[in-house]
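One letter stands for each residue in the lines below.
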Amino acid sequence: MDLIIEIGNSHEGSLGIATSFVDMVRNTGANCVKFQMHLAEYEGMPNEPFRKNFSLQDASRQDYWRRVNFSEENWKTLSKYTNETGLEFLCTPFSIEAAQFLYENKLVERWKIGSGDAVNYPLIDFLVSTKMPLIISTGLISWHEIIELKNRLSHLSAWETTTLMHCISMYPTPIEKSSLNLIAELKTLGCRVGLSDHSGNWKIPLKAISMGIDTLEVHMTPHRQFFGPDTVASLLPEEIRTIKEVWDDWQVLENTPGSKDLIFSDSH
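All of the points below concern the structure found in this document.

### Details of the packing of helix α8 (residues 203-210) against helix α9 (residues 237-255)
Right, on to step 1. Two elements in contact, α8 and α9, have axes whose closest approach is 10 Å; the angle formed by their N-to-C orientations is 20 degrees. Between α8 and α9, the interaxial angle falls into the category roughly parallel. Seen from above, α8 lies across α9 with right-handed handedness. From α8, Pro205, Leu206, Ile209 and Ser210 reach across to α9, where they touch Ile243, Val246, Trp247 and Trp250.

### Quick word on the nonpolar core
The tendency in soluble globular proteins is for nonpolar side chains to be buried as a group.
Right, on to step 1. Phe35 and Trp75 are the most contacted members of the largest nonpolar core, which totals 62 residues.
Right, on to step 2. Per-element tally for this core: the top contributor is helix α5 (residues 121-129), with six residues.
Right, on to step 3. Once you skip the residues sitting within four places of it in the chain, Phe35 turns out to touch Glu6, Ile7, Gly8, His11, Ala18, Val22, Trp75, Leu78, Phe89, Leu90, Cys91 and Thr92.
Right, on to step 4. The next biggest cluster of nonpolar side chains, apart from the first, holds five residues, and it includes Ile4, Leu90, Ile135 and Met165.

### Thoughts on the pairing of strand β7 (residues 192-197)
Right, on to step 1. Most of β7 sits out of view: five of its six residues are buried.
Right, on to step 2. Alignment of strand β6 (residues 162-167) against β7, held across five bridges, turns out to be parallel. Paired with Thr163 across the strands is Arg192, a residue of β7.
Right, on to step 3. Chirality of the crossover, the property in question, places the unit of β6, helix α7 (residues 181-187) and β7 among those that are right-handed.
Right, on to step 4. Assessed by its sense of winding, the connection that carries the chain from β7 through α8 to strand β8 (residues 215-220) is right-handed.

### Some remarks on the packing of helix α1 (residues 15-28) against α9
Right, on to step 1. Where α1 contacts α9, the two axes come as close as 8 Å, and the packing angle between them is 35 degrees. The handedness of the crossing between α1 and α9 is right-handed. Facing Met24, Asn27 and Thr28 of α1, the residues of α9 in contact are Pro237, Ile240, Arg241 and Lys244.
Right, on to step 2. Tallied by class, the residues present in the contact of α1 with α9 amount to three nonpolar, two polar and two charged.

### A closer look at the environment of Ile183
Right, on to step 1. Assignment of secondary structure puts Ile183 in helix α7.
Right, on to step 2. Judged by relative accessible area, Ile183 falls into the buried class, the value being 0%.
Right, on to step 3. Each C-alpha atom, one on Ile183 and one on Ile213, is 7.8 Å from the other, the two residues being 30 residues apart in sequence.
Right, on to step 4. When near neighbours in sequence (up to four residues on either side) are disregarded, Ile183 contacts His166, Val193, Ala208, Met211 and Ile213.

Thresholds, definitions, all that
Residues numbered from 1 in each chain as written. Predicted model: local features only at pLDDT ≥ 70, side-chain atom pairs only at ≥ 80, totals over all residues. Heavy atoms only, no water. Axes fitted to C-alpha atoms, helices over the stretch in contact; angles between N-to-C directions. Helix = DSSP H or I, 4+ residues; strand = E, 2+ residues; numbered from the N terminus. Parallel < 35°, antiparallel > 145°, perpendicular 65-115°, else oblique. Left-handed = near helix turned anticlockwise from the far one by under 90°. Contact = heavy atoms within 4.5 Å. Core = buried A, V, L, I, M, F, W, Y, C linked by side-chain atoms within 4.5 Å. Buried < 20%, exposed > 50% of the residue type's maximum accessible area, 1.4 Å probe, protein only. Pairing = 2+ DSSP bridges. Right-handed = clockwise from strand over helix to strand, strands pointing away. Nonpolar A, V, L, I, M, F, W, Y, C, P; charged D, E, K, R; others polar.

Here it is as structure tokens:
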């Protein structure tokens, strides 16, 4: 069971808040906690406006990224703290430079790529060169681009270690827009398939689990009024715990088949 909890930048640049998120994730039973590394000087354009203006403090996206990014030492501390709690530390790089830092300092064991960079081939090619597994969201790319991505990764001998994540890039995703039927379509490509969920509705990940996904990624918030752009698309820790418990129970059911003779014998 691969359950990734996305924190993103909800820590607001506080190492203390980030480690408290790690503790919350540990208590959900998930195996992995994920952050995001934005190096403003390598992303976007100066004074690029917010797509959705949520911050009273930052004038632009780059201002926001500068404020919430950690120092190199703090990133190392956060990765070490996460690993010491028994969780996997995962961090999405949004530039080659961010990926180089994460790789050279051995902070991650695999890569998670947001759908905005799913066909950013300079970045993808660098990640492939590290020989670590890829998890790639597909919310912002077309079916044609998914096939193109498959062909490129197959040529680079990276397809077998790639997981494609069904993803709808709407925050939050309405239940009628969830399109979980696309999970089956992704499975026809011969790779591992997961769900990167933005619904804020715990029932949708449960349905995806029943469809046989390999990996589930959900956003987490401590409570519904917590600050941040992802809160409306996030689940509470107790909701994630419920998902984990149900997933575990379903795995027991799938892995312990019975027989009519045994049932008959046990009944007497």
